[in-house]
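Summary of the model geometry
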Amino acid sequence: MDITQFSQINPPSRLLMGPGPINADPRMLRAMSAQLVGQYDPAMTGMMNEVMALYRGVFRTQNRWTMLVDGTSRAGIEAVLVSAIRPGDRVLVPVFGRFGHLLCEIARRCRAEVHTIEVPWGEVFTPDAVEEAIKKVRPRLLLTVQGDTSTTMLQPLAELGEICRRHDVLFYCDATASLAGNVLETDAWGLDAVSAGLQKCLGGPSGTAPVTLSDKLAETIRQRKRVEAGIRTAAHRDGDDEMIWSNYFDLGMIMDYWGPERLNHHTEATSALYGARECARLILQEGLDAGIARHKLHGEAMLTGIQHMGLETFGDLRHKMNNVLGVVIPSGIHGDRVRQLMLDDFGIEIGTSFGPLHGKVWRIGTMGYNARKDCVMQTLSALEAVLNHLGFRTVQGAALQAAWDHYRREAH
Ligand SMILES: Cc1ncc(COP(=O)(O)O)c(C=O)c1O
């Protein structure tokens, strides 16, 4: 091997305007480059406690068990599902995009009996439709996605908690793509578990999954408690219920690590924790509501700009996420060619889509550190230039003018 062939990492300069990841906040990057400390250093355990407090603010919860799972958002989902679902449990998943299918896939691997309801991509469920299905299926858990980035739709959740409470159903939500860019009220909406990731509205890198658990759900996980041989003492008692069929994702063991006993499980990912702490600190410093309003402002500016470019948007706009927009690729235009030119000639990344929407819809994000006016204006102007270059005629300047007008209107 010729080691001189490997240069120091020096990624190209990009403006990431897809559905995530997005450019990380530079303050978060500085936090991540801080020196390591030992995992039981009081400085480290103190920061773990701070992370718990900060994410209670981000999730809007009093839940004691609010902590990080080391792994991408999917790890957070898997940790909640494998810890909450006992083999044979019935679960209900309202599927309105790819990430609903992911919940089904993970729940099946937890050996749940999985039931689904579906709407066409681009739509969401009414509370009545969910309640109807709950009455029919009688699940132990309802597994939902709040913002399904594959369709850019935001499932209304506010009324589902009360429905779950009435039918004695545990209520989980994957808020990976929506948290901190759209309203999510863990306690007020009666959620028993929420998981997320950093790489969307939280402005960090993927690789860390904040999760929060209600006391009720934590108690059911406690009943499945196991302590590993080697760290187990005579005082430790196993729970009466079937053990959790994963070691790494056993939230009982992760609670014991984040709790006062500090029972060793994994080695907490120190740099990732610094980053997650900084993401939450920045969000709460801005104000959670102010940050959500910022996502709405720039999401709407992007929407109006796209509409004035003569492009059609995807899905039911009444239920659009603040932070991602689906744009129908005009006929005669090759979607990937547009993305390539945006990247090569402007350094801007926009997203493609999955499954039935692949090749039909672009996804443009305005989130986290990139929910900013300059990012919106640069993206609109580059997209307009590329489309005209490829033969799709726009009224030149109309998109930017519409975005400017939107900003002016909203400033008053
Ligand atoms: C709603 C949703 N859930 C889960 C995931 C999976 O996240 P990760 O790739 O961080 O595991 C994503 C990623 O885009 C997502 O948008």
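First things first, this report covers the structure right here in the doc. As the structure is a prediction and not an experimental result, all values here were calculated from the model. Here the residue numbering is sequential within each chain, running from 1 through the sequence in written order. With pLDDT at 70 or above as the cut-off, local features in this predicted model cover only qualifying residues; side-chain atom pairs require 80 or more to be listed or tallied, and sums for whole chains, interfaces and linings still use all residues.

Some points on the pairing of strand β11 (residues 324-328)
Across the five residues of β11, four count as buried, placing the element largely inside the fold. Two strands pair when backbone bridges link them, and β11 and strand β13 (residues 361-365) are joined in this way by five bridges, in the antiparallel orientation. Paired with V327 across the bridge in β13 is W362. Three exposure classes are used, based on other C-beta atoms lying within 10 Å of a residue's own C-beta, which is placed from the backbone: buried for 20 or more, exposed for 12 or fewer, and partly exposed in between. Segments assigned H or I by DSSP are reported as helices when at least four residues long, segments assigned E as strands when at least two residues long, and all are numbered from the N terminus. The criterion for strand pairing is that DSSP finds at least two bridges linking the strands in question.

Examining the site of the ligand
Each residue receives a C-beta atom built from its backbone; the residue is near a molecule or strand if that atom lies within 6 Å of it. What surrounds the ligand is a group of 13 residues, the closest being T72, S73, R74, T149 and A177. Polar here means any residue outside two lists: the nonpolar Ala, Val, Leu, Ile, Met, Phe, Trp, Tyr, Cys and Pro, and the charged Asp, Glu, Lys and Arg; Gly therefore counts as polar. For the shell around the ligand, the residue count by class is three nonpolar, seven polar and three charged.

Considering the environment of A53
Relative to the helices and strands, A53 resides in helix α2 (residues 42-59). Taking the C-alpha atoms as reference points, A53 and P26, 27 residues apart in sequence, are found 23 Å from one another.

Overview of the packing of α2 against helix α9 (residues 270-286)
The N-to-C vectors of α2 and α9 enclose an angle of 40 degrees; their axes lie 9 Å apart at closest approach. Taken together, the axes of α2 and α9 lie oblique to each other. Our pair here, α2 against α9, has a crossing hand that is left-handed. Between α2, through M44, M47, M48, E50, V51, L54, Y55, G57 and V58, and α9, the contact on the second element is made entirely by T270, L273, A276, R277, A280, R281, I283 and L284. Residue composition of the contact of α2 with α9, grouped by class: 12 nonpolar, two polar and three charged. Only C-alpha atoms enter the line fits that serve as axes; for helices the fit covers just the stretch in contact. Angles between N-to-C directions range over 0 to 180 degrees. Angle categories are assigned with fixed cut-offs, so that under 35 degrees is roughly parallel, over 145 is roughly antiparallel, 65 to 115 is roughly perpendicular, and the rest are oblique. When the near helix sits turned anticlockwise from the far one by under a right angle, the crossing is termed left-handed; a clockwise turn instead gives a right-handed crossing. Here, residues touch in the contact sense if the C-beta positions derived from the backbone fall within 7 Å of one another.

Structural notes on the environment of N264
You can see N264 is positioned in the loop between α8 (251-258) and α9. Accessibility expressed as a C-beta count within 10 Å gives 14 for N264, which makes it partly exposed. In the structure, N264 is positioned 11 residues away from M253 in sequence and 8.4 Å away in space, judged by C-alpha atoms. If we ignore the near neighbours within four places in the chain, the residues touching N264 are I231 and Y257.

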